[in-house]
Each structure stands twice: as structure tokens, then as C-alpha cells.
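These are the residues of each chain, in order.
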Amino acid sequence: MLELKKVSIAYKDKQVLQNLSLTAKKGEIIGLVAPNGTGKTTLFKVISHSIKPDSGKVTVDKTYSYQSEKQQVAIHKQLTTFPDQSELFAELTGMDHLKLYADMWKGTRTHIPTLTASLKMDHYVKKKVKTYSLGMRQRLCFAMMVAADTKIMLLDEVMNGLDVENVAIISKQLLDFKQQDKLVFVASHLLENLDLYADRVLYLRDGQFIHEQRFHEKQSDYIKVGIKKDQYDQLCAAVSLPDNHVYLANRLLCIPFDVLSAEQQTEWIQRLLEYKGTDLTIGPLGTLEYYEKFYA
Ligand SMILES: Nc1ncnc2c1ncn2[C@@H]1O[C@H](COP(=O)(O)OP(=O)(O)OP(=O)(O)O)[C@@H](O)[C@H]1O
């Protein structure tokens, strides 16, 4: 559905994306993770063609690739980007914004009452935007994308400023998008939230994807135990830790589980259980743990 081929872009002498390639299909939710200033927004801008890459190509549905105005229109009919709150019109109501997006993309307004009810906006959607709190505006921005109902959605920091209840409401809607066969990208710093709905998470560094975490495929298991730095140092001095173990953010020791023999697995579990007061778990690394591995 969407393909990026060897995309590169620099702002003056700052290379932001470098030969980056990606294939994404409908019905996928793809998390995009990296520290501030790495290039997530730039990637979205390239996908939506609000900036032109220095080299490389973006193709939608194997046919359209921004090579003519006609192709741009064809792509933009099926793609929306998350509006910035600064783009909202203070004197218009939330409902006005929803109608605008519904008219521009979907061509019908019949779905608006259902969406305002499911996003719990009915009590404020008919008031002017200037009366909204930060979280209400953010929910409206998200609702505008639901109103547009395009096949491809690029969500940059959609959960910003939202409380727990609103994060849950939007997370549920994202799962509905998956059922509706949409392709959704979510750039987020709310890492554990991505674990709830993403099919895969891409980690961006130095202009490239350095890791892809696929939730539907078997992932390597680790024995994970929370230990302090001095405990870790003592352990390193006392025993030889297995290759490829990671010690994350001075808090969590993760030892690859699958590569150990049954005997070694038992030995390590027994040894690590001696750290009283800490939880020991066995399982794959989560999004937060990968983040700490790559960027801490
Ligand atoms: N118009 C621009 N001109 C010059 N440099 C820019 C421009 N836009 C972005 N940059 C730089 O490109 C890099 C990537 O920025 P980008 O906004 O894509 O990062 P990001 O990963 O989305 O960050 P954040 O998590 O803070 O939103 C940053 O170093 C930024 O300063």
C-alpha cells in the first residue's frame, strides 16, 4: 500500500533521513519511535509530500508517486496527517471542523454523530474551539482524522497532553482503524501505549531504521530482573554474563533466554532470584526496553 525506497533528505548540512526504505500494507499500525529531533516528523512530511526528499521515492498503491499534480491529488485523497492544534480555528466549533474534514475527504457527514459519541465529545463539540482545553483540542484533532476516514493516516504525537481516559479512548479507536484495514503510522513518545495496538514498531536513528519490532512474530525471550548498578557491577565481577545480555538504563538486566541450554536457564533463574525484592520475568523486550537499549 505504501512504499518508501531509498529516501534521503538533509536540512542544509544536517542529514535527517538516509537511504531509508519501508513497505507498509493496509490493516497495519506502525509505531515510529526515536528521541526528539531524530526525524519522525520529517519522515511524515516526506510521506505526505509536504517536503520533497533529496532522493528516493514514495509510492502509494504501487501506482502513485507524487510525480505529477494528478498523482499528488490521488494520494492526498487517501491520506491525512494529524492536524496541529495551531491549525484549529478559534471562532469555529469542533463540529465545524469535523464537517470540514468529512466534506474534504469522505464526502458524507453521516458518521459524525457516531464518532463524537465514541470519542466522548458530545458535551463540547458544538462550542467554539477557543473555549477548549489543551486535551479537548487534541481530541478534536484526532476526531478530524476519524471524520476524514482516509485509508492512510499519519499521527504525530497524537497522545500529547491527554489524560489516561483519553489515551484509552484513542487507543481503542486505533484498534478499530486496524479492523477497517487502514494503514496508520503513530509517532509517539508514549512507548508502552504502542505495545497495545501497534503491529510493529520501527526505531529510527542516524537516518535509518535500526530495529523493527514485530509483535505478531515470535520474539526472542529474555530473563529480566531489576537490579541496581552496583549489584550489576558485582555480578559482572563474579560471573561471566552471557553474550548479548543488556543492562538497561541502570535498572534492568536482560539475559537472552532462548540461546541458553535448559541447564543454564535454570542456573540463571536461580542466581537472579537471589535478588530479593525485585520481580523476575521471562519474555520479549517491550517498546520501552528497546528504547532504552538503543537510545539510553
Ligand atoms: N525546516 C527545518 N529546517 C532545518 N532543520 C530542520 C527543519 N525541520 C527539522 N529540522 C531538523 O531536523 C531534525 C529532525 O527533526 P524532526 O522534526 O523530523 O524530528 P522529530 O523526530 O519529529 O522530533 P520530535 O520528537 O521533537 O517531534 C532536527 O534536528 C531538526 O532540528
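Reference entry: report on the structure contained in this document. (Residues numbered from 1 in each chain as written. Predicted model: local features only at pLDDT ≥ 70, side-chain atom pairs only at ≥ 80, totals over all residues.)

**Considering the sheet that holds strand 12 (residues 252-256)**
- The 4 strands lie next to each other as 11-12-10-13, forming an open sheet whose pairing is antiparallel. Strand pairing shows two members of the sheet lacking a second neighbour, strand 11 (246-248) and strand 13 (280-283), which therefore form its edges. Strand-to-strand twist across the sheet, computed as the mean angle between neighbouring axes with direction ignored, equals 20 degrees.
- Bridge count between strand 11 and strand 12: 3 bridges; the pairing is antiparallel. (Pairing = 2+ DSSP bridges. Helix = DSSP H or I, 4+ residues; strand = E, 2+ residues; numbered from the N terminus. Axes fitted to C-alpha atoms, helices over the stretch in contact; angles between N-to-C directions.)

**Overview of the site of the ligand**
- By nearness alone, every residue bordering the ligand is listed as Tyr11, Lys14, Val16, Ala34, Asn36, Gly37, Thr38, Gly39, Lys40, Thr41 and Thr42.
- In terms of residues, the shell around the ligand owes the most to one element, helix 1 (residues 40-48), which gives 3 residues.
- Across the shell around the ligand, the residue classes break down as 3 nonpolar, 6 polar and 2 charged. (Near = placed C-beta within 6 Å. Nonpolar A, V, L, I, M, F, W, Y, C, P; charged D, E, K, R; others polar.)

**Here's the deal with helix 6 (residues 164-179)**
- Here helix 6 spans 23 Å end to end across 16 residues, near enough to the 22 Å set by a 1.5 Å rise per residue.
- Inspection of helix 6 places Ile170, Leu174 and Phe177 among the buried residues, and these make up the whole buried set. An end-on view of helix 6 places all buried positions within 50 degrees of arc, on one side of the element. Away from its buried face by more than 90 degrees, helix 6 exposes Val164, Glu165, Leu175, Asp176 and Gln179.
- Looking at the packing, one finds that the buried side of helix 6 touches strand 3 (29-33), helix 5 (134-148), strand 7 (183-187) and helix 7 (191-197). (Expected span 1.5 Å × (residues − 1). Buried ≥ 20, exposed ≤ 12 C-beta atoms within 10 Å, placed from the backbone. Arc of directions from axis to C-beta. Contact = placed C-beta atoms within 7 Å.)

**A few points about the sheet that holds strand 8 (residues 200-205)**
- Spatially, the 6 strands line up as an open sheet ordered 5-6-7-3-8-9, and their pairing is mixed. Either end of the sheet is taken by a strand with one partner, and the two such strands are strand 5 (79-81) and strand 9 (208-214). This sheet shows a mean twist of 15 degrees between the axes of neighbouring strands, independent of strand direction.

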